[in-house]
Amino acid sequence: MTENISQNSKGKWFKNISVGWFLAKKQIKGSNKSTTILIIFIMMLTFLNLVVVSGILVGLIEGGQLADKRQYSGNVLITTLVGNSDVTHTNEIESTLRKMNGVSDVSVRYIASGQIEGNYKTRRDFNEVQDIAGAQITGLSLSDEESITGISAQVKEGGFLNQNESGYIIIGKNLLRRYSEGFGDVFASLEGTYPGDEVKVTVGNNTKTFIVKGILVSKVGQVSTRAFITKEDFLKLVDKSNLNGNEISVKIDPKSKLLDEQIKANLINAGFSADGKIQTSAEAVPDFLNQIKIAFSLLGNVIGLIGIVVASITIFIVIFINAVTRRKYIGIMKGIGIREQAIEISYIIQSIFYALIGGALGVFIVYVLLIPLFNAYPLDFPFSDGILVAPVNETAFKFFLLMFVTLIAGYIPARNIVKKNTLDSILGR
Amino acid sequence: MKENIIKIKNLTKTYKTKEIETRVLKDITLNVNQGEFVAIMGKSGAGKSTLMYQIGLLDHPTSGEIILNGLNTENMTTEERTEMRLSELGYVFQDYALIPELTAVENVMIPLLMKGLSILDAEKVSEDILNRIGLENRTENKPSALSGGEQQRVSIARAIAHNPKILFADEPTANLDTASGQSVIELFQELHKAGQTIIMVTHEEEYAKYCNRIVYLEDGKIVREVIQ
């Protein structure tokens with residue numbers, strides 16, 4: 001008996017959906033084309049508002065994080081522990097990493113704090129303030145660094161260093177006044193230094209002159225505030241009692257399934273945790289950036305939700321007007337035995353149709369047009385190249401959220417009209 | 001002896017507003033046999049349509065009893081009343097009441113789909129009915145492309161498509177010219193001959209003469225019955 005009732009009820013719902021679908025299809029087909037296009041356009045804009053606003057806000061930070069990973073940290077970054085002067089056992093760590101399956105490149109960086117003085121040859125008045133900028137002088141193994149960060153591509157003025165040459169330096173843009181004016185007096189920066197100029201580099205008690213080979217332009221702060229020389233020049237300039245580096249950047253082969261976390265775990269298991277600070281690229285990102293990312297994401301979602309409210313009101317009004325103007329026909333359908341649920345379903349299907357088409361167009365625009373466009377032409381922000389971030393799972397959630405909200409917005413007015421007295425509806429009372 | 005397919009006992013209907021209480025139907029008792037063609041006649045405001053709406057389960061009476069096909073409708077839920085309208089009753093309205101965005105055949109299909117027929121089956125049944133009533137060339141036309149008489153025929157096709165036990169018609173010829181009105185009445189007569197029970201509200205004597213019985217209403221009461 002219970003089974004019969006259940007089957008009966010299933011049958012009823014199947015009929016309701018079937019009739020609702022039939023009516024909705026005919027109503028959509030018979031509706032004004034311009035109005036339909038307008039509603040779909042509104043739904044598409046709502047979806048874009050929901051996905052793109054938060055996507056761009058988050059993308060500003062994520063673009064920075066991505067650049068940080070590509071141009072600085074690699075997948076894993078090992079830095080000098082507080083209290084130590086370098087990463088101890090650098091050789092052993094490098095050797096372990098190079099043997100690790102999935103690790104494609106390792107770059108050991110040698111870093112020392114120093115000063116760069118420009119225009120010292122033209123300084124005639126000794127009362128004049130010296131043209132000095134504090135910088136992290138970084139010695140590189142050029143081929144290793146190139147394979148991890150592609151550093152040569154970031155040199156926008158002049159050229160990059162050559163392993164066979166000595167006495168050349170690459171200066172990060174934030175060390176130059178013409179690039180860092182926007183930062184005010186945050187950096188003491190060099191005036192009018194260009195490729196070909198000679199600069200004095202002082203580390204501790206040692207001073208050496210270098211010819212500026214190129215200017216490195218990067219939005220990654222860690223890179224643009226440094227000056228780069230070859231490892232060999234660095235060891236000539238800096239008094240070092242060993243060959244330990246100060247930073248080790250590790251890159252995973254993109255084809256490998258190895259994870260950043262696994263490299264970190266392997267190094268810790270190999271007993272290197274006391275030799276340096278081992279961080280994945282995500283951990284190496286300053287915490288304030290993650291906080292900004294969360295705040296931007298929240299802000300984007302709030303703006304998107306306002307859009308959803310507007311869209312749901314739009315759908316509510318559209319369905320309400322549609323149902324009110326068709327109240328007589330709704331009454332007639334009820335009069336000839338069409339169940340209320342079937343009529344309500346027809347309106348719900350109409351609402352979902354608008355949201356589905358609008359949302360699908362939105363998905364197309366986001367993934368086929370906007371993301372490739374932002375990747376090709378990132379938004380130029382001082383601290384990052386802003387990209388559009390739209391993870392598929394989040395986009396899918398927002399898509400279904402739009403569907404759900406639209407469904408409710410379509411159901412409420414339809415229910416209000418459908419539940420009115422049948423005869424009153426037929427007679428227009 | 002034929003069964004009573006409609007039994008009405010002491011039926012009253014009162015409309016109330018804040019100031020006025022209007023008794024539109026007063027203690028109506030009426031039985032209709034299966035296969036009868038009954039005309040309900042009377043002047044405007046006599047309560048003809050109101051009576052039909054109560055019997056046709058489109059409205060709730062204030063008091064009294066309505067038994068349709070052996071089922072007492074008094075305590076039926078809204079869903080049960082809808083179910084009964086779908087399975088047992090058919091309606092033809094004065095203004096045709098066709099759904100404007102649906103074609104003739106689609107209008108006829110709706111109750112069949114609600115009864116569970118597939119789209120293909122519903123379409124076939126609907127086309128057969130429209131063919132039978134002479135609209136074979138108008139099946140794909142929307143109501144706006146049909147004449148008044150054709151629209152009313154589609155409305156009749158929709159009302160009979162699901163083989164209702166009782167067919168209600170509320171002034172079906174009122175908006176039609178003489179020729180169209182005549183053809184609609186002839187269609188009712190054919191259905192009646194095939195055994196269909198029909199309750200028709202009309203104020204036109206020339207059409208009432210086709211019925212078995214004429215029930216005259218005046219001021220909410222049955223004042224006379226004429227069996228023809």
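Computed from a predicted model, the values in this text were never measured in an experiment.

Observations regarding the overall build of chain B
Part 1 of the argument: Each helix and strand counted, chain B has seven helices and ten strands in total.
Part 2 of the argument: A globule of 228 residues ought to have a C-alpha radius of gyration of about 17 Å, and chain B, at 17 Å, matches this closely.
Part 3 of the argument: Here the C-alpha coordinates of chain B stretch approximately 50 × 45 × 40 Å along the principal axes.
Part 4 of the argument: By the burial criterion, 47% of the 228 residues in chain B qualify as buried.
Part 5 of the argument: Pairs at least 24 apart in sequence give 68% of the contacts found in chain B among residues at least 6 apart.

Focus: the overall build of chain A
Part 1 of the argument: In terms of helices and strands, chain A carries 14 helices and twelve strands.
Part 2 of the argument: For a compact globule of 429 residues, the expected C-alpha radius of gyration is about 22 Å, and chain A comes in at 32 Å, more than 25% above that figure.
Part 3 of the argument: Each principal axis of the C-alpha atoms in chain A carries an extent, and together these give about 100 × 55 × 35 Å.
Part 4 of the argument: Expressed as a percentage of the 429 residues in chain A, the buried residues total 44%.
Part 5 of the argument: Intrachain contacts of chain A at a sequence separation of at least 6 include 82% that bridge at least 24 residues.

Concerning the domain arrangement of chain A
Part 1 of the argument: Taken domain by domain, chain A holds domain 1 (15-67 + 289-427) and domain 2 (81-275).
Part 2 of the argument: A straight line from the C-alpha centre of domain 1 of chain A to that of domain 2 of chain A covers 51 Å.

Comments concerning the packing of helix α2 (residues 33-73) of chain A against helix α13 (residues 392-418) of chain A
Each pair of packed helices can be described by the angle between their axes along with the distance between the axes.
Residue and element names in this part refer to chain A.
Part 1 of the argument: Interaxial distance between α2 and α13 falls to 10 Å at its minimum, and their mutual angle equals 145°. Crossing hand, α2 versus α13: right-handed. From α2, Thr46, Phe47, Leu50 and Val51 reach across to α13, where they touch Thr395, Lys398 and Leu402.
Part 2 of the argument: Here the contact of α2 with α13 is built from residues that sort into four nonpolar, two polar and one charged.

Some details on helix α8 (residues 260-269) of chain A
All names here are of chain A.
Part 1 of the argument: By the burial criterion, the buried members of α8 are Asp260, Ile263, Lys264 and Leu267. Projection of α8 onto a plane perpendicular to its axis shows the buried side chains occupying an angular sector of 100°, all on one side.
Part 2 of the argument: For α8, the secondary structure elements touched by its buried residues are β1 (76-79), α3 (90-99), β2 (103-118), β9 (247-252), β10 (277-280) and α9 (281-284).
Part 3 of the argument: One or two steps after α8, the chain reaches Gly271, where phi turns positive at roughly 90°.

Considering the confidence of the model for chain B
Part 1 of the argument: On average, residues of chain B score 91 in pLDDT, and 99% of them are at 70 or above.
Part 2 of the argument: This complex was scored by the predictor with a pTM of 0.76 and an ipTM of 0.90.

Some details on the interface of chain B and chain A
Part 1 of the argument: Taken residue by residue, the interface counts 18 residues in chain B and 20 residues in chain A.
Part 2 of the argument: If you list the elements that add at least two residues to the side of chain B that touches chain A, you get α2 (78-88) and α3 (104-114) of chain B.
Part 3 of the argument: No other element matches α3(B), which puts five residues into the side of chain B that touches chain A.
Part 4 of the argument: Classifying every residue of the side of chain B that touches chain A by side-chain character gives eleven nonpolar, two polar and five charged.

Considerations on the pairing of strand β5 (residues 168-172) of chain A
All names here are of chain A.
Part 1 of the argument: A large share of β5 lies buried, amounting to five of its five residues.
Part 2 of the argument: Burial along β5 is two-sided: the face carrying Tyr168, Ile170 and Gly172 and the face carrying Ile169 and Ile171 are both buried.
Part 3 of the argument: Note that β5 and strand β7 (residues 206-216) share five bridges and pair parallel. From the neighbouring strand, Ile171 faces β7, where its bridge partner is Ile215.
Part 4 of the argument: For β5 and strand β8 (residues 226-230), the ladder comprises two bridges, and the chain directions are antiparallel. The partner of Ile171 across the bridge, within β8, is Ala227.

A few points about the sheet that holds strand β8 (residues 197-201) of chain B
Within a sheet, each strand pairs with its neighbour through backbone hydrogen bonds, oriented either parallel or antiparallel.
All names here are of chain B.
Part 1 of the argument: Read from one edge to the other, the open sheet built from six strands follows the order β6-β7-β8-β3-β9-β10, with strand pairing classed as mixed. The open sheet has two free edges, formed respectively by β6 (89-92) and β10 (221-227), since each of these has just one partner strand. Strand-to-strand twist in this sheet, taken as the mean axis angle between neighbours without regard to direction, amounts to 20°.
Part 2 of the argument: Pairing between β6 and strand β7 (residues 166-170): four bridges, direction parallel. Counterpart to Val92 in the pairing with β7 is Ala169.

Points about α13(A)
Given 3.6 residues per helical turn, the α-helix brings residues three or four places apart onto the same face.
Residue and element names in this part refer to chain A.
Part 1 of the argument: Taking 1.5 Å per residue as the helical rise, α13 with its 27 residues ought to reach 39 Å, and the 38 Å between its terminal C-alpha atoms agrees with that figure.
Part 2 of the argument: Taken as a whole, α13 has its buried residues at Lys398, Leu402, Thr406, Ala409, Gly410, Pro413, Ala414, Ile417 and Val418.
Part 3 of the argument: In this structure, the buried residues of α13 make contact with α2, α10 (287-325), α11 (327-335) and α12 (340-376).

A short note on the packing of helix α5 (residues 148-160) of chain B against helix α6 (residues 178-193) of chain B
All names here are of chain B.
Part 1 of the argument: Where α5 meets α6, the closest approach of the two axes is 9 Å, and the angle between their N-to-C directions is 20°. With respect to α6, the element α5 is oriented roughly parallel. For the crossing formed where α5 meets α6, the hand is right-handed. Here Gly148, Gly149, Gln152, Arg153, Ile156 and Ile160 of α5 come into contact with α6, specifically with Ser180, Ser183, Val184, Leu187 and Leu191.
Part 2 of the argument: Broken down by class, the residue content of the contact of α5 with α6 amounts to five nonpolar, five polar and one charged.

Side note on the nonpolar core
Part 1 of the argument: Residues Ile40(B), Val108(B), Leu113(B) and Ile199(B) are the most contacted members of the largest nonpolar core, which totals 121 residues.
Part 2 of the argument: The dominant element in this core, judged by the number of residues it contributes, is α2(A), at 13 residues.
Part 3 of the argument: Ignoring anything within four residues of it in the chain, the contact list for Ile40(B) reads Lys48(B), Leu51(B), Met52(B), Ile199(B), Val201(B), Val215(B) and Leu217(B).
Part 4 of the argument: If you look at the next biggest cluster of nonpolar residues, it comprises 32 residues, including Ile116(A), Leu175(A), Val201(A) and Val212(A).

So, how was this worked out
- Residues numbered from 1 in each chain as written.
- Chains lettered and ligands numbered in written order.
- Predicted model: local features only at pLDDT ≥ 70, side-chain atom pairs only at ≥ 80, totals over all residues.
- Helix = DSSP H or I, 4+ residues; strand = E, 2+ residues; numbered from the N terminus.
- Rg over C-alpha atoms; globule rule 2.2 N^0.38 Å.
- Buried ≥ 20, exposed ≤ 12 C-beta atoms within 10 Å, placed from the backbone.
- Contact = placed C-beta atoms within 7 Å.
- Domains from an automatic or database assignment.
- Axes fitted to C-alpha atoms, helices over the stretch in contact; angles between N-to-C directions.
- Left-handed = near helix turned anticlockwise from the far one by under 90°.
- Nonpolar A, V, L, I, M, F, W, Y, C, P; charged D, E, K, R; others polar.
- Arc of directions from axis to C-beta.
- pLDDT = per-residue confidence, 0-100.
- Pairing = 2+ DSSP bridges.
- Expected span 1.5 Å × (residues − 1).
- Parallel < 35°, antiparallel > 145°, perpendicular 65-115°, else oblique.
- Core = buried A, V, L, I, M, F, W, Y, C linked by C-beta atoms within 7 Å.

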